[in-house]
Each structure stands twice: as structure tokens, then as C-alpha cells.
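Letter by letter, the chains look like this.
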Amino acid sequence: MKDTLLSILVLVGILAASAFITNWFARTMYNRCAACGTLNAKRRAQCRSCGEVIKR
């Protein structure tokens with residue numbers, strides 16, 4: 001029983017850590033367009049989907 005609970009805790013820890021890292025990476029590397037919500041690389045001046053100017 002202890003082994004099962006430990007395995008579940010390790011699994012939940014790994015999933016939580018990967019979700020945190022993915023979220024941090026997306027916030028660091030991308031800007032979200034205010035008009036359409038598309039993620040755009042920080043180097044872009046215009047949205048790749050709708051062409052709206054991205055505010056920095």
C-alpha cells in the first residue's frame with residue numbers, strides 16, 4: 001500500500017513540475033495577441049494570425 005501511494009505521489013509531482021515548467025516557458029517566450037488570443041513569439045511585431053500590432 002505504501003509503495004502505491006508513493007508511486008502516485010511521484011507521478012503527481014512529475015506532472016505538476018512539467019505543467020509549471022511548460023507554463024513558465026510559454027509566458028517567457030511568447031506574447032498573447034489581445035485581439036484574437038493567438039500565441040506569438042516575442043520577436044514578432046504583428047500577430048501571425050490576425051495581423052494586429054502586438055503591444056509589448
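Higher on the page you've got the structure.
Residues numbered from 1 in each chain as written. Predicted model: local features only at pLDDT ≥ 70, side-chain atom pairs only at ≥ 80, totals over all residues. Heavy atoms only, no water.

(A) The arrangement of the overall build of the protein chain in detail. In terms of regular secondary structure, the protein chain is built from one helix and two strands. Listing the helices and strands of the protein chain from first to last along the sequence gives α-β-β. For 56 residues, the compact-globule formula gives about 10 Å, and the C-alpha radius of gyration of the protein chain, at 18 Å, lies well above that figure. Overall, the protein chain is about 55 × 15 × 10 Å in size when its C-alpha atoms are taken along their principal axes. Counting over 56 residues, the protein chain shows a buried share of 12%. Taking all contacts inside the protein chain whose residues are at least 6 apart in sequence as the whole, residues at least 24 apart take part in 0%. (Helix = DSSP H or I, 4+ residues; strand = E, 2+ residues; numbered from the N terminus. Rg over C-alpha atoms; globule rule 2.2 N^0.38 Å. Buried < 20%, exposed > 50% of the residue type's maximum accessible area, 1.4 Å probe, protein only. Contact = heavy atoms within 4.5 Å.)

(B) Here's a closer look at the side chain of Asn40. Along the chain, Asn40 falls in strand 2 (residues 39-41). Within the structure, the side chain of Asn40 is placed 3.1 Å from the backbone oxygen of Thr38, a separation counted as a polar contact. (Polar contact = N/O pair within 3.5 Å; in protein donor to acceptor, adjacent residues only side chain to side chain.)

(C) Quick look at the environment of Leu15. Positionally, Leu15 belongs in helix 1 (residues 2-29). Judged by its relative accessible area of 52%, Leu15 is exposed. In this structure the C-alpha to C-alpha distance between Leu15 and Ala45, which are 30 residues apart in sequence, comes to 34 Å.

Interpretation in functional terms is not warranted from these geometric data alone.
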